[in-house]
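# Results of the structural survey
Below are the chains, spelled out letter by letter.
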Amino acid sequence: MSRLDRLSALLEGLLPEIVVRHAGPLTASQELAAGTGDFLHLHLLLDGQQKIRLFNASTVSMRAPGMALLRSDRKHTLAAAVAGEPHQILCIEAHFAGPAAPGQRPDERAVRREG
């Protein structure tokens, strides 16, 4: 099996849907509330510096090029590392609807209880 075949099988199993939430300069803070679905927040920092305030009040700083991947149930805030200095960022949500997606698999604990 070639590498492309394995990648195709992975993508078919996850059936990802990508939703772009922001593309371009981010000049003001942006708070992202915790979501209820099974998806991921992906933030690609293309230029500049940014801070990510996490749900537990800790802060992570990033310098371009950088990437942050957070679960949908984690509230977080994006802000420029230097106040008033815009940075180029791409913010997307990755939803998974295929048979191998987290929300589509049977609950392993339930299977163990029944069996």
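Since this is a predicted model, take the numbers as computed values, not measurements. Per-chain numbering applies: the sequence of each chain, read as written, is numbered from 1 onward. Owing to the predicted nature of the model, reporting of local features is limited to residues with pLDDT of at least 70; listing and counting of side-chain atom pairs is limited to 80 or more, with chain, interface and lining totals taken over all residues. Excluded from the side-chain calculations are hydrogens and water; all other atoms, namely the structure's heavy atoms, are used.

Put simply, two rings from Phe, Tyr or Trp (the six-membered ring, in Trp's case) pair if the centres are within 6.5 Å, and we call them stacked under 30 degrees between planes, edge-to-face over 60, tilted for the rest. On inspection of all chains with the given rule, the structure shows 0 aromatic pairs. By the criterion adopted, a ring carries a charge over it if an Arg CZ or a Lys NZ lies within 6 Å of its centre and within 35 degrees of its normal. Over the face of the ring belonging to Phe55 we find Arg74, whose NZ or CZ atom lies 4.8 Å from the ring centre.

Let us look at the layout of surface pockets. The computed volume of the largest pocket comes to approximately 180 Å³. With a 1 Å grid spanning the protein atoms alone, the term cavity applies to any set of points in which a 1.4 Å probe fits but cannot get out, the term pocket to an open set with protein on both sides within 12 Å along at least five of seven lines, and the term lining residue to any residue with an atom within 4 Å of a point. Asp38, Phe39, Leu40, Arg71 and Ser72 are the residues nearest the centre of the largest pocket, which is lined by 11 residues in total. Basically, the charged four are Asp, Glu, Lys and Arg, the nonpolar ten are Ala, Val, Leu, Ile, Met, Phe, Trp, Tyr, Cys and Pro, and anything else, Gly included, counts as polar. Split into classes, the residues belonging to the lining of the largest pocket amount to 4 nonpolar, 4 polar and 3 charged. Grid points are joined across faces, edges and corners, and a volume is the space filled by probe spheres set on the points.

Once that is clear, we can look at unusual backbone geometry. With an omega of -10°, the peptide bond running from Ala64 to Pro65 counts as cis. Helix and strand labels come from DSSP, where a helix needs a run of H or I of at least four residues and a strand needs a run of E of at least two; each type is numbered from the N terminus. In this structure, Pro65 sits in the loop between strand S5 (59-63) and strand S6 (66-71).

Core analysis: the largest hydrophobic core is formed by 10 residues, namely Leu26, Leu32, Leu45, Ile52, Met62, Ala68, Leu70, Leu78, Ile89 and Cys91. For this core, the secondary-structure elements that each account for two or more residues are S6 and strand S8 (87-96). Those residues within four positions of Ala68 in sequence are excluded, and the remaining contacts are His41, Leu42, His43, Ile52 and Met62. In plain words, nonpolar cores are sets of buried Ala, Val, Leu, Ile, Met, Phe, Trp, Tyr and Cys residues tied together by side-chain atoms within 4.5 Å. Exposure is judged per residue with a 1.4 Å probe applied to protein chains only, and the accessible area is read against the type maximum: over 50% gives exposed, under 20% gives buried, and values in between give partly exposed. Note on contacts: a residue pair qualifies if any of its non-hydrogen atoms lie within 4.5 Å across the two residues.

DSSP calls a pair of strands paired once it identifies at least 2 bridges connecting them. If you walk across this open sheet you meet the 4 strands as S2-S7-S4-S5, and the pairing is antiparallel. If you trace the sheet from one side to the other, it starts and ends with strand S2 (30-32) and S5, each paired once. Taken over all neighbouring pairs, the strand axes of this sheet differ in orientation by 20° on average, direction set aside. Sheet topology note: the S2/strand S7 (residues 76-80) ladder contains 3 bridges and is antiparallel. Within S7, the residue paired with Glu31 across the bridge is Thr77. Here an angle of 0 to 180 degrees is reported between the N-to-C directions of two axes, which are lines fitted to C-alpha atoms, with helices fitted over the stretch in contact.

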